[in-house]
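Inside the fold
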Amino acid sequence: MKFDMVVIGGGLVGASLVTALKASGLKTALIESREPLPLPEDESWDSRVYAISPGSIGFLHDHAIWQRMDASRVAPVYDMAVFGDDSSSHIQFSAYEAGMAELACIVENRQLQTAVWTALQSQNGSPEIFCPAQCAAITWHASHAEIRLEDGRQLDTALVVGADGVNSWVRQQANIAVSRHPYQQNGVVANFSTGLPHRNVAHQWFRRDGVLALLPLPGSRISMVWSTDDAHAAELRALSDEQLCRHVEEAASHTFSELRLITPPAGFPLNFVHVSSLVKPRLVLVGDAAHGIHPLAGQGVNLGLRDVRKLAEILNDRGLQADVGDFTLLRRYECARKEDILAMELVTDGLQKLFINPDPTLARLRNLGLEITNRLPLIKNQLMQHALS
Ligand SMILES: Cc1cc2nc3c(=O)[nH]c(=O)nc-3n(C[C@H](O)[C@H](O)[C@H](O)COP(=O)(O)OP(=O)(O)OC[C@H]3O[C@@H](n4cnc5c(N)ncnc54)[C@H](O)[C@@H]3O)c2cc1C
């Protein structure tokens, strides 16, 4: 089987890339090791949610993905309030001030995943999909790469795209060096119904025990992402429903009351991963395979979709350079993405380190920093523009 491009990993990023290239004329294949989860038949809510930026929404819309989302499961965020770890410092962001309809939309992972996969499978000249399928080996040649599946099938391709997440197997096969450190934290996620309306405001508290975010869901519901050290995460997950609700109310300074757990807590280990190179001959990395960042800025998927937007643009505009695996094209992608990725890695890693440091002088400085930034519209606007892209 011969292809122009084989994408390994059909998460949000890999599946979006294949969808975005439908008009490119490229012969593409997607290899995904797990069957996508079907939507549940009941009214339950997925505790894994994402804040999707307006830039990402525009991209998903352009490729007929966003239109497939059930609008009753999407919550726009109009304002965002971020609090320091003293009782007063804070910074506020407003869609109205930014001249935007919303700062982001909160969506459930499985809803978005289903929308992407439906768009992927419904396109004309659909890509070849191998799912569930396990890769056994990749062999690199000057003119192509050979991917062998565990069932013995072989795919020859001009370009391999690694979109297989933060522990990327493709990245390992290509011997791309990474610097990696575990944050020794878990992102504990859960959904609640609330007594007080959230008014579509996203709240975030930088606390000594981690970062607590409460994001609006449709109706009187909120979704929690509490990034906290492993021991505290285990404690949170061991609490009874009632205890967890009261604990979250208290940690959120009683911004919400009468919380009731509607989706049980789950935990995700958090790691920082910086890759030494995004490309190699006949290989390109996108999404978490290319960068693993702390979720405190809610930017992982958005950063991955920005990779996809740039790669799709470069491959679509390749003109007379017919070979999609041409290394100069791939280098163009790497150059275009390096700065954005590094900035996001530095900001999220730096903020995480800054706010877990117990030093009282540093505590005063970081809280002062929040307050000052809140009063500097120019800097605030620049921060916001990056998060909106
Ligand atoms: C607690 C938490 C909260 C978060 N909140 C946000 C948020 O609000 N906003 C945001 O933008 N981001 C957020 N993120 C980050 C986001 O989850 C990731 O950035 C995003 O899921 C990465 O997508 P991906 O497609 O690159 O990788 P993945 O989602 O990891 O997908 C990789 C896919 O590859 C498949 N795969 C793996 N290995 C192979 C193989 N060898 N062969 C074939 N297939 C393979 C997997 O089955 C999977 O489907 C959050 C992360 C965490 C942990």
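Just so you know, these numbers come straight off a predicted model, no measurement behind them.

The full set close to the ligand counts 29 residues, and Glu 32, Arg 48, Ala 51, Asp 288 and Val 301 are the nearest of them. In the environment of the ligand, an oxygen atom lies 2.7 Å from a nitrogen or oxygen atom belonging to the backbone of Val 301. Between the ligand and Asn 302 there is a distance of 3.2 Å, counted from an oxygen atom to a backbone nitrogen or oxygen. Protein coverage of the free-state accessible area of the ligand, which is 1000 Å², stands at 85%. Contributions of two or more residues to the shell around the ligand are made by α1 (12–20), β3 (49–52), β16 (260–275) and α8 (300–316). Considered class by class, the residues forming the shell around the ligand number 14 nonpolar, 10 polar and five charged.

Counted by the stated rule, this structure contains three aromatic pairs. When the ring of Phe 206 is compared with that of Phe 355, the centres are 4.3 Å apart and the planes differ by 35°; the resulting orientation is tilted. Within this pair, whereas Phe 206 is found in strand β13 (residues 201–207), its partner Phe 355 is found in helix α9 (residues 327–356), the two being separated by 149 residues in sequence. Residue classification places Phe 206 among the buried residues on the basis of a relative accessible area of 5%. Seen from the ring of Phe 268, Arg 48 lies directly overhead, with NZ or CZ sitting 4.2 Å from the centre.

With respect to the helices and strands, Lys 22 occurs in the loop between α1 and β2 (28–31). Overall, Lys 22 belongs to the partly exposed group, its relative accessible area being 39%. The spatial distance from the C-alpha of Lys 22 to the C-alpha of His 198 is 39 Å, given a sequence separation of 176 residues.

Mapped onto the fold, Phe 268 is located in strand β16. C-alpha separation for the pair Phe 268 and Glu 339, spaced 71 residues apart in sequence, amounts to 27 Å. Each residue touching Phe 268, except ones within four places of it in the same chain, is listed here: Arg 48, Gln 185, Asn 186, Gly 187 and Val 189.

Analysis parameters
- Residues numbered from 1 in each chain as written.
- Predicted model: local features only at pLDDT ≥ 70, side-chain atom pairs only at ≥ 80, totals over all residues.
- Heavy atoms only, no water.
- Near = heavy atom within 4 Å.
- Polar contact = N/O pair within 3.5 Å; in protein donor to acceptor, adjacent residues only side chain to side chain.
- Areas by Shrake-Rupley, 256 points an atom, 1.4 Å probe, with all protein chains shown as cover.
- Helix = DSSP H or I, 4+ residues; strand = E, 2+ residues; numbered from the N terminus.
- Nonpolar A, V, L, I, M, F, W, Y, C, P; charged D, E, K, R; others polar.
- Phe/Tyr/Trp six-rings, centres within 6.5 Å; stacked < 30°, edge-to-face > 60°.
- Buried < 20%, exposed > 50% of the residue type's maximum accessible area, 1.4 Å probe, protein only.
- Lys NZ or Arg CZ within 6 Å of the ring centre and 35° of its normal.
- Contact = heavy atoms within 4.5 Å.

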